[in-house]
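Results of the structural survey
As a plain string of letters, each chain reads:
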Amino acid sequence: MHSLPRIWLSPPHMCGREQDFIRNAFETNWIAPLGPNVNGFEHDLRDFTGVKHAAALSSGTAAIHLALIMLHVKPGDLVICQSFTFSASANPIVYQGGIPVFIDSEPDTWNMDPELLEKAIIACQEGRFSDLGNGLIHSHLKPQKPKAIIVVHLYGMPAKMDKISAIAEKFDIPLVEDAAEALGSRYHGKACGSFGMMGILSFNGNKIINTSGGGALLSDNEEYILRARFLATQARDHAPHYEHSQIGYNYRMSNVIAAIGRGQMTAVHERIEARRKNFERYRQYFQVINQRGFDVHVLLEPEGFYSNRWLTTITLAPEKNRGVGREKIRLHLEAQNIETRPLWKPMHAQPVFSDSLRYSNHVSEHLFENGLCLPSGSNLSDADFERIFRSLDQVFRG
Ligand SMILES: *Cc1c(COP(=O)(O)O)cnc(C)c1O
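Residues numbered from 1 in each chain as written. Predicted model: local features only at pLDDT ≥ 70, side-chain atom pairs only at ≥ 80, totals over all residues. Heavy atoms only, no water.

Two aromatic rings, taken as a pair, are described by how far apart their centres are and by the angle between their planes. Enumeration according to the criterion identifies 18 aromatic pairs in this entry. Between Tyr285 and Phe389 the ring centres are 4.5 Å apart and the planes differ by 10 degrees, which places this aromatic pair in the stacked class. Here Tyr285 is found in helix 9 (residues 268–291), whereas its partner Phe389 is found in helix 12 (residues 382–397), with 104 residues between them in sequence. Each member of the pair, Tyr285 together with Phe389, is buried. Ring pairs connect the aromatic residues Tyr282, Tyr285, Phe286, Phe294, Phe385, Phe389 and Phe396, which therefore count as one cluster. Over the ring of Trp8 we find Arg6; its NZ or CZ atom is 5.0 Å from the centre of that ring. Over the face of the ring belonging to Phe294 we find Arg322, whose NZ or CZ atom lies 4.2 Å from the ring centre. (Phe/Tyr/Trp six-rings, centres within 6.5 Å; stacked < 30°, edge-to-face > 60°. Helix = DSSP H or I, 4+ residues; strand = E, 2+ residues; numbered from the N terminus. Buried < 20%, exposed > 50% of the residue type's maximum accessible area, 1.4 Å probe, protein only. Lys NZ or Arg CZ within 6 Å of the ring centre and 35° of its normal.)

This is the structure we're talking about:
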């Protein structure tokens with residue numbers, strides 16, 4: 001058995017205020033998928049992101065699903081999605097019967113490569129699906145303009161939003177921003193989640209703020225948010241009885257969960273600061289390691305990019321590091337009860353999407369093979385860091 005407690009990748013970090021809001025929900029008997037905490041949490045999110053309207057929902061996945069419903073994604077429609085991401089970015093496309101077109105990453109942000117995006121849109125419009133295959137034939141598809149673009153700010157690093165937005169505008173395709181990992185990240189001063197026609201956030205157990213599970217849809221367009229609330233509460237028409245003229249969903253956040261969110265939002269600035277400090281500690285550590293002849297990379301912020309540093313990640317090629325690769329580090333740290341995790345496996349390489357359309361440059365595959373996420377909780381202690389660095393020292397000493 002392990003004598004030392006586990007150091008988690010990104011554990012919950014409550015601030016104490018959550019319970020005041022929860023107590024208030026109980027005292028006022030607002031135990032429902034609506035109530036003052038839901039309104040309050042939505043207000044906090046608007047305030048923090050600068051987006052005009054927000055709907056608190058049961059998950060980030062539900063938020064993406066509703067966004068695609070509102071953009072009228074229907075069976076057979078093509079939807080462009082960043083390949084290097086968590087499966088929740090892409091699954092809602094399939095819920096709608098849509099066909100994902102996965103776009104690979106560019107090396108300096110690890111997010112959607114704008115050049116590949118443009119090429120893929122043109123290939124879709126011209127029906128050149130052989131350009132988007134992996135040797136498979138997509139002869140059944142008709143030339144068409146993609147219905148939406150889902151861009152992701154992975155690990156908190158903003159995507160190149162000027163270029164991505166310009167392409168979306170040029171081809172007149174609505175942009176959905178998956179900012180699940182990027183609450184507090186900014187691109188030239190503007191909040192991630194505020195660029196697209198809609199943006200989504202997640203508050204699941206390991207995100208930068210955590211409601212035990214939850215998400216939000218953001219938009220400057222009030223119509224979308226009103227409609228999202230309507231669809232998320234079973235699409236009840238205005239009537240004294242239960243009347244439905246559309247298919248609805250049960251996707252609303254409860255007032256008790258929103259209480260946790262309100263408490264968490266009182267500490268959001270400190271959480272981001274703490275995560276950014278984690279990154280800085282790791283960066284300095286690996287700078288010293290590299291002075292000893294290793295070649296470990298951290299992802300730096302390009303000019304104008306501000307990352308919340310949700311997770312600190314490293315990449316290293318074993319052939320340039322005396323045989324030390326991400327698996328060697330992962331297994332060694334795991335044996336000392338320290339959790340790390342390989343970078344996301346790109347969607348186009350997932351078994352479930354093996355025959356999907358994709359525009360690949362192999363950047364994300366390379367990242368998956370050589371990259372590792374390090375413990376990045378906002379509540380990591382100095383003692384935790386000592387343990388982590390001691391373990392890493394052992395790996396790099398050989
Ligand atoms: C966490 C996450 C989601 C999904 O959010 P849930 O709230 O867990 O449904 C979507 N996209 C990305 C990139 C995520 O990391």
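All right, on to the packing of helix 9 against helix 12 then. Relative orientation of the contacting elements helix 9 and helix 12 amounts to 25 degrees, with a least axis distance of 12 Å. Taken together, the axes of helix 9 and helix 12 are roughly parallel relative to one another. Between helix 9 and helix 12 lies a crossing whose hand is right-handed. The segment helix 9 lies against helix 12, with Asn278, Arg281, Tyr282, Tyr285, Phe286 and Ile289 engaging Asp382, Phe385, Ile388, Phe389, Leu392, Asp393 and Phe396. (Axes fitted to C-alpha atoms, helices over the stretch in contact; angles between N-to-C directions. Parallel < 35°, antiparallel > 145°, perpendicular 65-115°, else oblique. Left-handed = near helix turned anticlockwise from the far one by under 90°. Contact = heavy atoms within 4.5 Å.)

We now examine the site of the ligand. Taken together, 15 residues are adjacent to the ligand, and Thr61, Asp178, Glu181, Ser202 and Lys207 come closest. At 2.4 Å from an oxygen atom of the ligand is found a side-chain nitrogen or oxygen belonging to Thr61. Here the ligand has 380 Å² of accessible area as a free molecule, and 94% of this is covered by the chains. Across the shell around the ligand, the residue classes tally to four nonpolar, eight polar and three charged. (Near = heavy atom within 4 Å. Polar contact = N/O pair within 3.5 Å; in protein donor to acceptor, adjacent residues only side chain to side chain. Areas by Shrake-Rupley, 256 points an atom, 1.4 Å probe, with all protein chains shown as cover. Nonpolar A, V, L, I, M, F, W, Y, C, P; charged D, E, K, R; others polar.)

What follows covers the pattern of salt bridges. Evaluated as defined, the whole model comprises 17 salt bridges. Across the salt bridge formed by Lys160 and Glu106, the nearest N and O atoms sit 2.9 Å from each other. With Lys160 in the loop between strand 4 (148–152) and helix 6 (161–170) and Glu106 in the loop between strand 3 (99–103) and helix 5 (114–126), this residue pair connects regions lying 54 residues apart in the sequence. Neither Lys160 nor Glu106 differs from the other in exposure class; each is buried. Each of Arg17, Asp20 and Arg23 takes part in one network of salt bridges that share partners. (Salt bridge = Lys/Arg side-chain N within 4 Å of Asp/Glu carboxyl O.)

A turn of α-helix holds 3.6 residues, and therefore any two residues three or four places apart point the same way. Spanning 24 residues, helix 9 covers 35 Å between terminal C-alpha atoms, matching the ideal 34 Å at 1.5 Å per step. Where helix 9 is concerned, the buried positions are Val268, Arg271, Ile272, Arg275, Asn278, Phe279, Tyr282, Tyr285, Phe286 and Ile289. Just past helix 9, the residue Gly293 takes up positive phi, approximately 95 degrees. (Expected span 1.5 Å × (residues − 1).)

Further remarks concern helix 10 (residues 326–335). Looking at helix 10, one finds that the buried residues are Arg326, Ile329 and Leu333. All buried residues of helix 10 fall inside an arc of 65 degrees around its axis, so they share one side. Residues of helix 10 that are buried sit in contact with strand 12 (312–315), strand 13 (341–342), helix 11 (363–370), strand 15 (371–374) and helix 12. Backbone geometry just after helix 10 places Asn337 at a positive phi near 65 degrees. (Arc of directions from axis to C-beta.)

Nothing here speaks to function; it is geometry throughout.
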